[in-house]
Amino acid sequence: MTFSIHDRKKMLQQLQESELDVLIIGGGITGAGLAVQTAAAKMKTGLLEMQDFAEGTSSRSTKLVHGGIRYLKTFDVEVVADTVGERAVIQGIAPHIPKPDPMILPIYDDEGATTFNMFSVKIAMDLYDRLANVQDTEYANYLLTASEVLEREPLIKKEGLQGAGVYLDYRNNDSRLVIDNIKRAVADGALAVSKIKVTGFLFEGTTIVGVKARDELTGDVIEIHAKYVVNTSGAWADKIRNLNFKRAITPHMRPTKGVHLVVDAKRLPVPQPTYFDTGKQDGRMVFAIPRENKTYFGTTDTDYQGDYEHPEVTQKDVDYLLEVINYRYPEAKITLDDIEASWAGIRPLLSNNSGSDYNGGDNGAISDRSFQRVIDVVEEYKRQEITKGEVERVLNNLEMSREEKHTSPSSVSRGSSLEREEDGLISLSGGKITDYRKMAEGAFNLIQKLLKEEHNQEFTGIDSKHYPISGGDFDPTKVKETVEKLAEAGKEKGLSEEDATYIADFYGTNATIIFDAIDKIEPFKGLSLAESIRLWYALEEEMTLTPADYIVRRTNHLLFQRETLDDILPGVVNGMAQYYDWSAEETEKQKQALQAVIDESDLKKLKK
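Rules behind the numbers
Residues numbered from 1 in each chain as written. Predicted model: local features only at pLDDT ≥ 70, side-chain atom pairs only at ≥ 80, totals over all residues. Heavy atoms only, no water. Pairing = 2+ DSSP bridges. Helix = DSSP H or I, 4+ residues; strand = E, 2+ residues; numbered from the N terminus. Expected span 1.5 Å × (residues − 1). Buried < 20%, exposed > 50% of the residue type's maximum accessible area, 1.4 Å probe, protein only. Polar contact = N/O pair within 3.5 Å; in protein donor to acceptor, adjacent residues only side chain to side chain. 1 Å grid on protein atoms, 1.4 Å probe; cavity = no way out; pocket = protein on both sides within 12 Å on 5 of 7 lines; lining within 4 Å. Points joined across faces, edges and corners; volume = space filled by probe spheres on them. Nonpolar A, V, L, I, M, F, W, Y, C, P; charged D, E, K, R; others polar. Axes fitted to C-alpha atoms, helices over the stretch in contact; angles between N-to-C directions. Parallel < 35°, antiparallel > 145°, perpendicular 65-115°, else oblique. Left-handed = near helix turned anticlockwise from the far one by under 90°. Contact = heavy atoms within 4.5 Å. Salt bridge = Lys/Arg side-chain N within 4 Å of Asp/Glu carboxyl O. pLDDT = per-residue confidence, 0-100.

Further remarks concern the sheet that holds strand β8 (residues 170-171). Picture the strands of a sheet paired through backbone hydrogen bonds; they go either parallel or antiparallel. Reading across from one edge, β3-β8-β4 is the order of the 3 strands in this open sheet, with antiparallel pairing throughout. Two strands lie at the open edges of the sheet, namely β3 (64-65) and β4 (99-100), each paired on one side alone. Bridge count for β3 against β8 is 2 bridges, and the pairing is antiparallel. Residue V65 lies in a different strand from β8, and its bridge partner there is Y170.

Listed below in structure tokens is the structure:
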């Protein structure tokens with residue numbers, strides 16, 4: 001299989017030639033996950049993305065497949081069970097992407113500002129381990145004393161430090177998760193095209209039967225017909241719904257902006273992901289996460305009404321995060337000049353479910369009395385003094401404190417919504433990256449039902465919990481062994497052990513295709529052999545159309561390898577110019593567009 005500019009032309013033609021069963025608008029993680037399931041079931045599937053795949057929210061997350069331990073503060077056991085269950089599924093179908101990376105949760109005695117104390121965090125972590133089924137494994141939780149925390153993180157704030165809890169979490173490569181889902185869908189017959197913007201709907205009467213779309217590369221306008229059109233455009237969901245000018249819509253979304261900043265690990269040495277209260281008594285928590293000799297930290301959470309395609313990091317965002325990080329790491333003294341890279345993303349939060357933070361949940365803050373009662377009852381259960389049923393009765397009858405009608409951005413629902421609207425548009429909105437497969441499964445089941453009832457077509461779905469995405473077709477319990485075995489092929493072809501291992505770990509079983517390229521291609525001028533075969537693979541197999549696609553979303557160069565980025569940029573641009581046969585004018589245009597992306601990440605405007 002190839003997935004390149006040449007396939008794009010063929011796909012655009014095929015999209016116009018016959019009616020699809022399902023057309024998906026949005027090439028983020030939700031649309032990609034749905035395409036996997038519909039294509040695998042042999043539904044005629046199309047997917048359109050107006051930018052690069054994952055260019056929106058799905059490349060701008062905190063880059064975790066997060067377990068949601070904070071939900072246990074309100075003892076939302078069902079939410080955490082769902083979250084850690086889905087996390088395990090993702091690790092099973094994409095074992096080359098999410099990797100276990102235990103999180104440290106320092107505990108302070110800041111009155112009114114802490115999420116947990118040493119007692120409640122242990123109860124929460126024990127329950128978390130049971131839900132994640134990792135008790136009595138190498139990933140089981142444990143407590144650290146204050147002195148043990150300082151041994152690990154000597155720069156962390158000492159005053160008021162009581163200790164820490166350590167529990168299992170997973171780091172993630174969000175944009176890689178998207179592209180490998182899309183590659184899986186394409187391998188199964190999906191027609192996936194990036195840089196094509198939906199501009200309107202096609203109708204039969206008042207029912208949507210397709211879309212009008214503009215090719216952003218050529219300016220051509222095309223029409224695509226489909227039995228069902230599915231809106232998985234994330235924060236853009238209401239904008240897509242508004243393309244039907246024949247009716248007014250009630251907005252579903254309340255987007256918020258999240259910002260992350262990257263510094264060199266020497267400036268902020270954090271040995272493992274760390275999750276802490278801001279200390280500002282604003283109800284928020286912040287992550288500090290090590291990644292490829294860097295440390296990044298975030299996130300903010302503010303209502304957003306600006307440009308969805310280009311959300312910017314503002315001075316206010318930077319000031320907030322620097323204040324938080326320097327409060328928790330006072331000896332670090334991080335400044336604006338230390339920031340090497342940054343990103344801002346728009347969260348597709350639902351505007352309903354006031355006070356909720358998950359799928360249709362009723363997650364208001366519980367009263368202090370109920371909180372203490374839950375702690376007591378869990379302790380009684382651990383001492384085998386009461387039954388599981390008695391614990392459940394307490395959890396089912398918690399007193400809630402939901403007096404505020406207006407919620408802060410941080411407490412808006414992170415849940416999902418699946419709705420077939422009166423014009424026939426199916427909208428799948430909201431959710432978190434951890435839930436993408438489950439959300440897609442819900443949408444697939446609806447489409448499957450509608451195709452049978454309205455078109456007398458029957459399709460059998462796959463077991464999406466055990467259907468590996470591209471690069472993930474190996475035993476998820478043997479990741480280390482698989483990476484080592486894959487890397488051997490790269491070393492045999494002349495790569496260093498470091499390069500071969502990095503590629504094997506990054507691409508999973510697709511590493512074999514990359515290593516085989518060593519015998520097929522000449523290295524691009526200005527690039528090493530390892531970088532050349534990665535670029536070749538991105539062009540041939542990953543629909544990489546611009547230099548920014550490559551350095552931001554197909555690799556980690558911009559965010560976590562900034563110190564070597566300037567060295568490879570000429571080779572990347574010239575290599576792509578050679579591959580695409582760009583004119584001198586087009587090459588210069590691509591250089592300027594790339595520089596704008598780099599300047600934005602570098603916070604050049606703020607550093608003047």
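Anyway, onward from the coordinates.
The next thing to look at is helix α4 (residues 118-132). The first and last C-alpha atoms of α4 sit 21 Å apart over 15 residues, in line with the 21 Å expected at 1.5 Å per residue. All of the buried residues along α4 are S120, V121, I123, A124, M125, D126, Y128, D129 and A132. Backbone nitrogen of F119 and a side-chain oxygen of the N-cap are separated by 3.0 Å at the start of α4; the cap is N117. Two residues or fewer after α4 comes N133, characterised by a positive phi angle close to 60°.

One pass over the structure, following the stated rule, counts 3 cavities of 30 Å³ or more. The computed volume of the largest cavity comes to approximately 60 Å³. In terms of lining, the largest cavity is formed by G33, V36, Q37, I93, N181, Y436, R437, I462, S464, Y467 and I469. At the level of secondary structure, the elements contributing two or more residues to the lining of the largest cavity comprise α2 (29-40) and α11 (436-455). Here the lining of the largest cavity gets 3 residues from one element, more than from any other, and that element is α2. When its residues are assigned to classes, the lining of the largest cavity shows 6 nonpolar, 4 polar and 1 charged.

Structurally, V79 can be placed in helix α3 (residues 77-93). You can call V79 buried: its relative accessible area is 5%. In this structure the C-alpha to C-alpha distance between V79 and S59, which are 20 residues apart in sequence, comes to 24 Å.

Our next topic: the packing of helix α15 (residues 529-541) against helix α18 (residues 562-580). At a minimum axis distance of 11 Å, the contact between α15 and α18 shows a crossing angle of 40°. In terms of their interaxial angle, α15 and α18 are classed as oblique. Note on packing geometry: the crossing formed by α15 with α18 is right-handed. For the pair α15 and α18, contact is made by E531, L535, L539 and E540 and by I568, G571, V572, G575, M576, Y579 and Y580, respectively.

Attention now goes to the pattern of salt bridges. Scanning all chains against the criterion turns up 45 salt bridges. The salt bridge partner of D82 is K438, with a shortest N-O separation of 3.5 Å. Remark: K438 occurs in helix α11 and D82 occurs in helix α3; sequence separation between them is 356 residues. Given a relative accessible area of 27%, D82 falls into the partly exposed group. Between K294 and D264 there is a salt bridge, with the nearest N and O atoms lying 3.4 Å from each other. In this pair, K294 is assigned in strand β16 (residues 294-298) and D264 in strand β13 (residues 256-264), connecting sequence segments 30 residues apart.

For the protein, per-residue confidence averages 91 on the pLDDT scale, and residues scoring 70 or more make up 92% of the total. In the predicted structure, residues 353-365 sits below a pLDDT of 50 and forms 51 contacts with residues beyond four places in sequence or in another chain. A low-confidence stretch, residues 410-414 (pLDDT under 50), is modelled with 28 contacts involving residues beyond four sequence positions or located in other chains.

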